[in-house]
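In case you want the letters, here they are:
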Amino acid sequence: MQGQRVAVVGGSIAGCAAARALVRAGAGEVVVFERARGRLQDRGVGLAIQNERYAELEAAGYLDAAMPWVQLTRRPWVVRSGDARAGRGIAALPFPYRSYNWGSLWQELHRRLPDAVDYRSGAAVTQVLPEPDGARIILPDGREERFDLVVGADGYRSVVRAAMLPAAASAARYGGYVAWRGTLSARQLPEPGSAFAAPDATTVVFPGGHMIAYRIPGSIGEPQVNWVFYATPPAEATSALADPVIPPSRALTEAMTGYQHELVERHFPGYWRDLVLGTPKDATLLQPIYDMAAPHYARGRLVLLGDAAAIARPHTGSGALKALQDATVLGRALGAAGSLAEGLAAYDAERAPVGRAILELGRSLGRAHVQQTPDWAAMDQRAFDGWWHANGGSGVGGRPLGPSDAAAPAGTRRPAALDATEQA
Ligand SMILES: Cc1cc2nc3c(=O)[nH]c(=O)nc-3n(C[C@H](O)[C@H](O)[C@H](O)COP(=O)(O)OP(=O)(O)OC[C@H]3O[C@@H](n4cnc5c(N)ncnc54)[C@H](O)[C@@H]3O)c2cc1C
């Protein structure tokens, strides 16, 4: 990159990983503009990264074993059955995933930023103006700064994407249903240990939705339980959600909470009902399901990654993973190319198709798991396996990194540029 000056707009998971990738690729100066003041750890809840995808990212130097995680191994699928407190298992899948606490993962990525990165909190970018050999960014007080490259890691309402592509080509679309997310301390579980083994990611299914629950690292060392509950709320409760300018919110309305609790009372086995109803109200949030995939990830001197480039529905198990993979490939492409244009074209060619594939996978999974659910109670393992594969289940957990990132054995691909400063 011959010492170029780069702006990263957004300092969340994608932004932190991109800043690191750019320093490695040889950028002379990297400035991260993050709109939020202070820390971002309350933004999300739990996430899971498949073991093999983790190994690739560890080998590439973006994740490491010192970042707190919980090993999961099995995904039982459960329906309500008479008075059986834990419900009845209809099937089980292997679940070789590491689970993370979104907040602690962000903190660890932020802490590992190379010294060369200038991370500015409370620094919103209001507009990006492309130029032939760079771009200007406009700050809220009207000041401008010029960069050779501007990286959009600014999430689902990206100003970088707005400068790069017509709105109609890349608008986030409401998927027609929502996710309620909650966390509680593992100590608050009903009858600790009895129905919910530590390495399980249990999925409770019902007509029109499901919930997945698994343990994640807690912020003070004690494990927490993370659950994500999907269903389609009544149209009158969600009419505003069709407009993606409505931000996801911790401020759940009484009506939305009431609707979820009604479903839980009607469809959940007792143990899982108590788990959801026992979750503190201030530890739940609502995530309307949007999706989008930008047709191009790079144009001129602007480039997109993470949710700014494509929003993956959570069923795909690839939101944070995709952001980390995008950064890995961007760093590799820019580091290896003879020119910025060549590196950006290589990144676009490799990652834009992945974003589109994840978009389609998310829609297929959404239909099968929420909008057109099967007769779960009638399924046995064999019927379940057929349903899972027919609806894209084997794509859950994300795709392998490209050959140049994934082929080398773990530990051998730390680029030479990863020096002592970077490991701070
Ligand atoms: C409510 C909600 C909850 C979620 N919970 C989970 C979860 O529990 N588990 C999970 O796996 N995934 C979760 N996700 C998705 C996950 O956060 C992302 O897929 C992942 O973090 C990658 O995101 P990103 O860094 O690309 O974008 P984001 O995490 O959205 O970050 C974008 C960043 O850009 C900043 N920004 C935006 N505009 C500007 C601007 N103009 N100027 C400067 N800064 C700007 C924002 O403040 C933000 O920090 C959640 C998403 C939402 C919306």
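Residues numbered from 1 in each chain as written. Predicted model: local features only at pLDDT ≥ 70, side-chain atom pairs only at ≥ 80, totals over all residues. Heavy atoms only, no water.

1. Remarks on the sheet that holds strand S2 (residues 29-34)
If you walk across this open sheet you meet the six strands as S6-S2-S1-S10-S17-S16, and the pairing is mixed. Because the sheet does not close on itself, it has two edges, and the strands there are strand S6 (117-121) and strand S16 (298-299). Summarising the sheet, strand S10 (residues 149-152) and strand S17 (residues 302-304) pair through three bridges and their orientation is parallel. Note that in S17 the partner of Val150 across the bridge is Leu302. Of the strands in this sheet, S10, S16 and S17 touch helix H9 (residues 340-371), which is tilted by about 25 degrees from S17. (Pairing = 2+ DSSP bridges. Helix = DSSP H or I, 4+ residues; strand = E, 2+ residues; numbered from the N terminus. Contact = heavy atoms within 4.5 Å. Axes fitted to C-alpha atoms, helices over the stretch in contact; angles between N-to-C directions.)

2. Quick look at the site of the ligand
In the neighbourhood of the ligand, 30 residues make up the surrounding shell, with Ser12, Glu34, Val45, Gly46 and Asp307 lying closest. One nitrogen or oxygen atom from the main chain of Ala14 is found 2.8 Å from an oxygen atom belonging to the ligand. Within the side chain of Trp102, one N or O atom sits 3.1 Å away from an oxygen atom of the ligand. Surface burial for the ligand is 90%, taken as the share of its 980 Å² of free accessible area covered by protein chains. Among the secondary structure elements, those contributing two or more residues to the shell around the ligand are helix H1 (13-24), S2, strand S3 (46-50) and helix H8 (319-336). If you tally residues by element for the shell around the ligand, the top one is H8, at three residues. Broken down by class, the residue content of the shell around the ligand amounts to 16 nonpolar, eight polar and six charged. (Near = heavy atom within 4 Å. Polar contact = N/O pair within 3.5 Å; in protein donor to acceptor, adjacent residues only side chain to side chain. Areas by Shrake-Rupley, 256 points an atom, 1.4 Å probe, with all protein chains shown as cover. Nonpolar A, V, L, I, M, F, W, Y, C, P; charged D, E, K, R; others polar.)

3. Let's talk about helix H3 (residues 102-111)
Burial runs high along H3: seven of the ten residues are buried. Restricting attention to buried positions, one finds in H3 the residues Trp102, Gly103, Ser104, Leu105, Trp106, Glu108 and Leu109. Packed against the buried residues of H3 are H1, S3, strand S5 (88-101), S6 and H8. Where H3 begins, the side chain of Asn101 points an oxygen toward the backbone nitrogen of Gly103, at a separation of 2.9 Å. (Buried < 20%, exposed > 50% of the residue type's maximum accessible area, 1.4 Å probe, protein only.)

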